[in-house]
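Understanding the architecture of this molecule
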Amino acid sequence: MSPLRTQVGIVGAGPAGLLLSQLLHNAGIESVVLERHDRAYVEGRIRAGVLEQGTVDLLTAAGVGARLQREGLVHEGVEVALDGRRHRIDMKALTGGSCVTVYGQTQIQKDLFERRFGDNANIVLEAAPVSLHDVETDRPSLRYLRDGVEHRVDCDFIAGCDGFHGICRASIPADRLDLFERVYPFAWLGILANTRPVSDELVYTSSPRGFALFSMRSTRVSRLYLQCTPDEDLNEWSDDRIWTELQRRLGPEASAGMETGPSTEKSIAPMRSFVAEPMRWGNLFLAGDAAHIVPPTGAKGLNLAVADVRVLAQAFDTYYRTGSADRLDAYSDTCLKRVWKAQRFSWWLTSLLHRFPDRSAFDGRVQRAELQYVLDSAAGQQTLAENYTGLPFGG
Ligand code: RFL
Ligand code: PHB
């Protein structure tokens, strides 16, 4: 087994891993990406849909934003429905110009793969299992099996971009990490459908029957979510039942004229808040979902992953240009500041909009009053808009 030598070994070809390899390539730094699944699987996972302006700017500056600029839908506002009435929050006006862009994670994955393979990047697909070695030394390495043959990659640093269930965080001794976690007593049932979205903007819906979200992938494709129990059986949810429930939660007036149709994808996502601190062990740096998970309500997961790799790529760049490890040493603290602000927002919006099975009648009234306050007050709307469109990098 003759080892391959590179500067940064990256585990995971999700948005964090592929974007990091692109940013490093742009800075003249070599990397190898090891991914457990094949390309079709990674590209096919239906996940995020809402990008902060900072994410759009970074993808564009990295050279992977051409299609995003053409096809992404810029949203200047977002709607919140309560008691069957829709309220619009004018994010652009409230923040002095910030918007979000609706563009599916599947499309970002395609753009990143296309660009990285176009640059002849070293991306090893179907590498399984991957293991980490000598992480606390200055000669860390990755080993993996492909087609039954063992391979080794020697590197200066390892970037753990392998998501929540990956191997990198799991390789860190338990006494070197502090874990912070909240698991919510509900999940989201999501469908995709080739139907016209009910509104031009996203509609976050609070109802006594539970939360619902009316999102989209384009002006002809809807992405819809319903709050459900964590152990919900998908087989019990026919398309008819899902559409009826969506209409009930939004209310007859607000859902009038809603186009329905067969779902093209159907899945259940658990809801969890999670942070591992610090985001580093020796020469292993965790980024994205490998280090932290947010409930999807705030649409922050992918945006946080992008923010992490931006900081990490800059730190590697400084290291290789000047020999200074200061920014690498500051990586975890720099990211965690923003991560916790996004955690707070995601937890807050989740708490504000969902029905909690064990909440007292009093707590239910307080939750309602808080949502009413946010909708009625310019300050409340501004807080939501500022966090939703994205806090500044490094802030
Ligand atoms: P990913 O995307 O999970 O990629 C990790 C990659 O690592 C591979 N891998 C391994 N490879 C080698 N060896 C191993 N041992 C490995 N273990 C795993 C995996 O196959 C995979 O390819 O993590 P990354 O790159 O950090 O990206 C994070 C985002 O994917 C995630 O935060 C978002 O999808 C979260 N999210 C949303 N984020 C947003 O910013 N806006 C949204 O609107 C939004 N909506 C969502 C979401 C996530 C959802 N689900 C399903 C959890 C909506 C949903 C329903
Ligand atoms: C999505 O379109 O998938 C989506 C949008 C907003 C969220 C979560 C998911 O908060």
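Residues numbered from 1 in each chain as written. Chains lettered and ligands numbered in written order. Predicted model: local features only at pLDDT ≥ 70, side-chain atom pairs only at ≥ 80, totals over all residues. Heavy atoms only, no water.

As a structural note, the neighbourhood of ligand 2 is formed by 14 residues, with Y204, S215, R217, Y225 and P296 the closest of them. Here an oxygen atom of ligand 2 sits 2.6 Å away from a polar atom, N or O, in the side chain of S215. The separation between an oxygen atom of ligand 2 and a polar main-chain atom of T297 is 3.1 Å. Burial of ligand 2 by the protein chains amounts to 96% of its free accessible area of 280 Å². Elements with a contribution of two residues or more to the shell around ligand 2: strand 16 (212–216) and strand 17 (222–228). Across the shell around ligand 2, the residue classes tally to 8 nonpolar, 3 polar and 3 charged. (Near = heavy atom within 4 Å. Polar contact = N/O pair within 3.5 Å; in protein donor to acceptor, adjacent residues only side chain to side chain. Areas by Shrake-Rupley, 256 points an atom, 1.4 Å probe, with all protein chains shown as cover. Helix = DSSP H or I, 4+ residues; strand = E, 2+ residues; numbered from the N terminus. Nonpolar A, V, L, I, M, F, W, Y, C, P; charged D, E, K, R; others polar.)

A word on the packing of helix 1 (residues 15–26) against helix 8 (residues 301–322). It is at 9 Å that the axes of helix 1 and helix 8 come closest, and there the two elements cross at 30 degrees. Taken together, the axis directions place helix 1 and helix 8 in an arrangement best described as roughly parallel. Crossing handedness for the pair helix 1 and helix 8: right-handed. Here P15, A16, L19, L20, L23 and L24 of helix 1 come into contact with helix 8, specifically with L302, A305, V306, V309, R310, L312, A313 and F316. A per-class count over the contact of helix 1 with helix 8 returns 13 nonpolar, no polar and 1 charged. (Axes fitted to C-alpha atoms, helices over the stretch in contact; angles between N-to-C directions. Parallel < 35°, antiparallel > 145°, perpendicular 65-115°, else oblique. Left-handed = near helix turned anticlockwise from the far one by under 90°. Contact = heavy atoms within 4.5 Å.)

Here the second largest pocket is characterised by a volume of approximately 390 Å³. In terms of lining, the second largest pocket is formed by 18 residues, of which the most central are S207, P208, R355, G364 and Q367. Within the residue set of the lining of the second largest pocket, elements represented by two or more residues are helix 9 (326–353) and helix 10 (361–376). Ranked by the residues each element gives to the lining of the second largest pocket, the list is headed by helix 10, at 5 residues. Partitioning the lining of the second largest pocket into residue classes produces 7 nonpolar, 6 polar and 5 charged. (1 Å grid on protein atoms, 1.4 Å probe; cavity = no way out; pocket = protein on both sides within 12 Å on 5 of 7 lines; lining within 4 Å. Points joined across faces, edges and corners; volume = space filled by probe spheres on them.)

The subject of this paragraph is the nonpolar core. In terms of nonpolar packing, the biggest core is built from 75 residues, with L19, L20, L284 and F316 touching the most fellow members. In terms of residue count, the dominant contributor to this core is helix 8 (10 residues). Not counting residues within four places of it along the chain, the set of residues in contact with L19 comprises L58, L59, A62, L112, V306 and V309. In this structure, V80, F211, L375 and Y388 belong to the second largest nonpolar core, which totals 32 residues. (Core = buried A, V, L, I, M, F, W, Y, C linked by side-chain atoms within 4.5 Å. Buried < 20%, exposed > 50% of the residue type's maximum accessible area, 1.4 Å probe, protein only.)

It is worth spelling out the sheet that holds strand 15 (residues 203–206) at this point. Here 8 strands make up an open sheet; going across it, the order is 7-6-15-16-17-14-18-21 and the pairing mixed. Both edges of this open sheet fall to strand 7 (85–89) and strand 21 (292–293), since each of them pairs with a single strand only. Pairing between strand 16 and strand 17: 5 bridges, direction antiparallel. By the bridge assignment for strand 17, S215 is matched with R223. Sitting on the sheet, helix 9 is in contact with strand 6 (78–82), strand 14 (178–193), strand 15, strand 18 (263–277) and strand 21, with an inclination near 130 degrees to strand 18. (Pairing = 2+ DSSP bridges.)

A complete count under the given rule lists 0 disulfides for this structure. No disulfide involves C155; its sulfur sits 10 Å from that of C168, the nearest cysteine. (Disulfide = S-S within 2.5 Å.)

Read from one edge of the open sheet, 4 strands run 1-12-11-10, paired in mixed fashion. The open sheet has two edge strands with one neighbour each: strand 1 (4–5) and strand 10 (130–133). As judged from the 4 bridges shared by strand 10 and strand 11 (residues 141–146), these two strands associate in the antiparallel manner. Residue pairing for strand 11: H133 is matched across the bridge by S141.

Shape is all these values report; function is a separate question.
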